[in-house]
Amino acid sequence: MSHPLNVASASASANANRPALASPADSPEMSIINLAARQRMLSQRLVLLILLAAQGQVEKAEAAESTLRLFTDSQASILRVLRDKGMPATDTQLMQDVYLGPAGVSEVVTGFITDCRRALDLCKGGGVADRADALECVVSRIDVVLAALNRATQALDQINTRNEATLVRQIGEIVEEIRLVAREAKVVSFNAQVIAARAGVVGREFSVVAGTLSRISGEVDKLAHKGLSLVKG
């Protein structure tokens, strides 16, 4: 079994050289699902950088420190959203169960952050044996961390799917109301045309208005029907 210290490859090193992402604090518009997806990517990058740092690559140690800060900030941002209830009540409850429940995502991620912090500190001044133990702990935890982060992402996907279905239903209801209004306008237009015809010459201008109303209501009805078809797929 190969030792963690020998796990770096040329392609992995190239990936580790990619520029670090901006802090979540620089992107206030970032949604919780984007933060969770970012954490998945950062967790893998972080392990790679720590392995390279343990081999004495100073620039990788600096990159690992930056990545760890991003990962930690992302976690803090997610917890802040949950704490401040920045989501609908049902969504917040689901995410609190996933993150803060027994053996929740937050507990797993917090342990991972602690292990990464310890490994980085030992890379700077610990002995070979200490570095090896710290790295082994980080590497062995990554599968558990990814599984937890995947669980969080799946819950967020579930929320998005549910919210999209609700939005589609609401749009469908609005379009249906528009169709009803268009039908009522057609009835009003027809009655107006009948009255205009009975009025003879006096009702000619009124007849023009009624005809225009009829045309507009017909176009609205067509658009509403088209919108309803799109909503229903």
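As shown above, the structure is provided for reference.
A brief report on the enclosed structure follows. (Residues numbered from 1 in each chain as written. Predicted model: local features only at pLDDT ≥ 70, side-chain atom pairs only at ≥ 80, totals over all residues. Heavy atoms only, no water.)

1. Side note on a nonpolar patch on the surface
Piece 1. A grouping of Ile-174, Ile-178, Ile-216 and Val-220 is seen on the molecular surface, where their side chains present a nonpolar patch of about 300 Å² in accessible area.
Piece 2. Secondary-structure elements contributing two or more residues to the nonpolar patch are helix 6 (128-199) and helix 7 (204-232).
Piece 3. Along the chain, Val-220 falls in helix 7.
Piece 4. Since its relative accessible area comes to 30%, Val-220 is described here as partly exposed. (Patch = residues over 30% accessible without salt bridge, like charges linked within 9 Å, V, L, I, M, F, W, Y side chains within 5 Å. Areas by Shrake-Rupley, 256 points an atom, 1.4 Å probe, with all protein chains shown as cover. Salt bridge = Lys/Arg side-chain N within 4 Å of Asp/Glu carboxyl O. Helix = DSSP H or I, 4+ residues; strand = E, 2+ residues; numbered from the N terminus. Buried < 20%, exposed > 50% of the residue type's maximum accessible area, 1.4 Å probe, protein only.)

2. Points about the environment of Gln-193
Piece 1. One can find Gln-193 in helix 6.
Piece 2. Here Gln-193 falls in the partly exposed class, since its relative accessible area comes to 31%.
Piece 3. For Gln-193 and Ser-214, which are 21 residues apart along the polypeptide, the C-alpha to C-alpha distance reads 9.3 Å.

3. A closer look at the environment of Ser-31
Piece 1. Examined against the element boundaries, Ser-31 turns out to sit in the loop between helix 1 (10-16) and helix 2 (32-54).
Piece 2. Once the C-alpha coordinates of Ser-31 and Ile-78 are considered, the two residues, 47 residues apart in sequence, prove to be 8.9 Å apart.

4. Focus: the packing of helix 5 (residues 105-125) against helix 6
Piece 1. At their nearest, the axes of helix 5 and helix 6 sit 9 Å apart, and the two run at 155 degrees to each other. Put simply, helix 5 runs roughly antiparallel to helix 6. Helix 5 and helix 6 meet at a crossing whose hand is left-handed.
Piece 2. Among the residues forming the contact of helix 5 with helix 6, the class breakdown is 17 nonpolar, one polar and six charged. (Axes fitted to C-alpha atoms, helices over the stretch in contact; angles between N-to-C directions. Parallel < 35°, antiparallel > 145°, perpendicular 65-115°, else oblique. Left-handed = near helix turned anticlockwise from the far one by under 90°. Nonpolar A, V, L, I, M, F, W, Y, C, P; charged D, E, K, R; others polar.)

5. Overview of the packing of aromatic side chains
Piece 1. What the rule picks out here adds up to one aromatic pair.
Piece 2. Centroid distance Phe-71 to Phe-112: 5.5 Å. Interplanar angle 70 degrees. Geometry classified as edge-to-face. In this pair, Phe-71 is assigned in helix 3 (residues 58-83) and Phe-112 in helix 5, connecting sequence segments 41 residues apart.
Piece 3. The exposure class assigned to Phe-71 is buried, which follows from its relative accessible area of 0%.
Piece 4. What makes Phe-112 buried here is its relative accessible area of 0%. (Phe/Tyr/Trp six-rings, centres within 6.5 Å; stacked < 30°, edge-to-face > 60°.)

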